[in-house]
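# Architecture and fold: a report
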Amino acid sequence: MTPDPANPLRPSVLVVEDEESLATLLQYNLDKEGFAVTVCGDGEEALILIDEKQPDIVILDWMLPSVSGIEVCRRLRQRSETRNLPIIMLTARGEENDRIRGLDTGADDYLVKPFSMVELSARARAVLRRIRPGLAEDQVRRGDIMIDRVAHRVKRGADEVHLGPTEFRLLDYFMQHPGRVFSREQLLNAVWGSDIYVETRTVDVHIGRLRRALKCAPEGDPIRTVRSAGYALDVTG
Ligand code: CA
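About the thresholds
- Residues numbered from 1 in each chain as written.
- Predicted model: local features only at pLDDT ≥ 70, side-chain atom pairs only at ≥ 80, totals over all residues.
- Heavy atoms only, no water.
- Helix = DSSP H or I, 4+ residues; strand = E, 2+ residues; numbered from the N terminus.
- Buried < 20%, exposed > 50% of the residue type's maximum accessible area, 1.4 Å probe, protein only.
- Contact = heavy atoms within 4.5 Å.
- Donors = N, O, S within 2.8 Å, 3.2 Å for Na, K, Ca; no water.
- Expected span 1.5 Å × (residues − 1).
- Arc of directions from axis to C-beta.
- pLDDT = per-residue confidence, 0-100.
- Phe/Tyr/Trp six-rings, centres within 6.5 Å; stacked < 30°, edge-to-face > 60°.

Attention now moves to the environment of Ile87. Mapped onto the secondary structure, Ile87 falls in strand β4 (residues 87-92). Look at Ile87 and you get buried, because its relative accessible area is 0%. In sequence terms Ile87 and Val127 are 40 residues apart; their C-alpha atoms lie 8.2 Å from each other. Ignoring any residue separated from it by four or fewer positions in sequence, one finds Ile87 in contact with Val58, Leu60, Cys73, Leu76, Arg77, Ala107, Asp108 and Asp109.

Following this line, the structure appears as structure tokens:
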């Protein structure tokens, strides 16, 4: 996930739609719903943008110039990095056929045009919740750690934990993938963004601060250092 610099905790969405008026409408409404939105109108460009921006979810039109939505979907499912990327397909009435109804395109859900923006954002949130439970919620709990993205508060057990903005983003990222080991480079890309030049040892500095802040609990340090690999958050529940 590449964080939106204005609010790194907004889920990011790539809208791939060649009808400009619909693309604009989707951008406006998804932005209002709290998503960080990128729009493109072409399948080939979509594949490049997905590599670059690593969106949390893709809204993908079926009929597109150059590479079709189905083909984009197929290619994304073939690659391990994007195999589980949530995809909602858009189809015009008449294009809808058994293949998309059965979702054997690999999409997670589909909507038939015209649809309401309320329905679209509800489906997007539902797909996100199913696939990445930590992403679509305001409050996430892992073990004895609770993060509130709206109030920007963190608690460990009953204790309030005070974190700087970078430590907050780091913890939020770990909370989305408990137990998973991330390299310093992966954490840099996810938390600082790939466009910003930061030395990898900066990650160690912020991990250190996060650790000190979280160590208020008798359970001790939830962050595991994996020699020559990186870091993971070990929590249960
Ligand atoms: Ca189209």
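On we go.
This brings us to unusual backbone geometry. Among all residues save glycine, negative phi is the norm, and among peptide bonds the norm is trans. Cis geometry marks the peptide bond from Lys113 to Pro114, where omega comes out at -5°. Residue placement: Pro114 occurs in the loop between β5 (109-113) and α5 (117-131). Not every positive phi belongs to a glycine, and Gln54 is a case in point at roughly 45°. Mapped onto the elements, Gln54 comes out in the loop between α2 (43-53) and β3 (57-61). Since its relative accessible area comes to 40%, Gln54 is described here as partly exposed. Residues other than glycine seldom take positive phi values, yet His152 does so here, at roughly 55°. Relative to the elements of secondary structure, His152 occurs in the loop between β7 (145-148) and β8 (153-156).

What follows is about the coordination of the calcium ion. Octahedral metal centres with six donors ideally show angles of 90 or 180 degrees, and tetrahedral centres with four donors ideally show 109.5 degrees. Protein coordination of the calcium ion is provided by Asp18 (OD), Asp61 (OD) and Met63 (O), with donor distances spanning 2.1 to 2.4 Å. For the calcium ion, the single-chain donor residues occur in sequence as D-x42-D-x1-M. Taken together, the residues Asp18 in the loop between β1 (12-16) and α1 (20-32) and Asp61 in strand β3 connect sequence positions 43 residues apart. Its relative accessible area of 36% is what places Asp18 among the partly exposed residues.

Now for α1. For an α-helix the count is 3.6 residues per turn, leaving residues at separations of three or four pointing the same way. In a regular helix each residue adds 1.5 Å, so 13 residues correspond to 18 Å; α1 covers 18 Å between its end C-alpha atoms and thus fits that length. Regarding α1, the residues found buried are Leu22, Ala23, Leu26, Asn29 and Leu30. An end-on view of α1 places all buried positions within 140° of arc, on one side of the element. Exposed residues lying more than 90 degrees from the buried face of α1 are Glu20, Ser21, Thr24, Tyr28 and Lys32.

This part covers the confidence of the model for the chain. Looking at the chain as a whole, the pLDDT averages 85, with 87% of positions reaching at least 70. pLDDT under 50 marks residues 1-8. Its contacts with residues more than four places away, or in other chains, come to 20 contacts.

What follows deals with the packing of aromatic side chains. Summed over the entire model, instances satisfying the criterion amount to two aromatic pairs. Taking the centre distance of 4.9 Å and the plane angle of 45° together, the rings of Tyr173 and Phe182 count as tilted. The residues Tyr173 and Phe182 share a single accessibility class, namely buried. Where Phe174 meets Phe182, the ring centres are 6.2 Å apart and the plane angle is 55°; that geometry is what we call tilted. Since its relative accessible area comes to 0%, Phe174 is described here as buried.

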